[in-house]
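# Geometric and topological summary
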Amino acid sequence: HQKMSDELFWNLKLQESVVKLGKKKGLNISSYDPIIRNIDDANDPRTNWSVGKKFAKKGGYAIELHFDAYGKYGVGSGLIPPFFETPNKIDESIAKKFGRFPILFRGGLGAPRRQIRILEIGKLEGSLERNLRNLKTRQRTLKFLSNAIVQALLDGINRSALSNPMLDEVD
């Protein structure tokens, strides 16, 4: 698709895989894709942010899956938490598996300002990118990542206590 970035392509492939596996494992999980690839108004009701904000406001756990940026602009994997909300058991479980970013990462991103978490999977380069692009390893790689995400969700739902209930000084 000419108007789709590599990152968005893999984000959507992973999203599909996570939802499919999550449903198999008993999670009440769904996804949203506006299909439109360029919506200039961040507050347009069709954007991920608008739909996610509405879902979170109703008590849903809204999360965007991303592959981190290339090269010097990428940082790596981790959970970027939402503003105005104490990290919950699911957040802690995901952060334990993937790492975490401070709430004000890059000055505060649009999704967390709308109570949507962002899970950066990892930098889309090196062996990760090769394994996604290789037809022989693509499905295995997506399955591996999906399993890690779904298991972190399940672990967070089923845990009775947070692994780190206190925020670090820098959070």
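Below you will find a few notes about this structure. (Residues numbered from 1 in each chain as written. Predicted model: local features only at pLDDT ≥ 70, side-chain atom pairs only at ≥ 80, totals over all residues. Heavy atoms only, no water.)

The subject of this paragraph is the environment of isoleucine 29. Considering the arrangement of structural elements, one finds isoleucine 29 in the loop between α1 (6-24) and α2 (48-57). For the pair isoleucine 29 and glycine 60, spaced 31 residues apart in sequence, the C-alpha to C-alpha distance is 9.9 Å. Excluding residues that lie within four positions of it along the chain, isoleucine 29 makes contacts with Val18, Val19, Gly22, Lys23 and Leu153. (Helix = DSSP H or I, 4+ residues; strand = E, 2+ residues; numbered from the N terminus. Contact = heavy atoms within 4.5 Å.)

Attention now goes to the packing of helix α5 (residues 126-133) against helix α6 (residues 138-158). Two numbers describe how α5 lies on α6: the axes approach to 6 Å, and their chain directions differ by 120°. One finds that α5 runs oblique with respect to α6. Residues Leu128, Asn131, Leu132 and Arg133 of α5 lie in contact with α6, whose contacting residues are Arg138, Thr141, Leu142 and Leu145. Each residue belonging to the contact of α5 with α6 can be placed in one class, and the counts come to 4 nonpolar, 2 polar and 2 charged. (Axes fitted to C-alpha atoms, helices over the stretch in contact; angles between N-to-C directions. Parallel < 35°, antiparallel > 145°, perpendicular 65-115°, else oblique. Nonpolar A, V, L, I, M, F, W, Y, C, P; charged D, E, K, R; others polar.)

A separate point is α5. Taken as a whole, α5 has its buried residues at Leu128, Glu129 and Leu132. Each buried residue of α5 lies within a common arc of 95° when the element is viewed along its axis, so the set occupies one face. Where α5 is buried, its residues meet α1, β1 (63-68), β3 (117-123) and α6. (Buried < 20%, exposed > 50% of the residue type's maximum accessible area, 1.4 Å probe, protein only. Arc of directions from axis to C-beta.)

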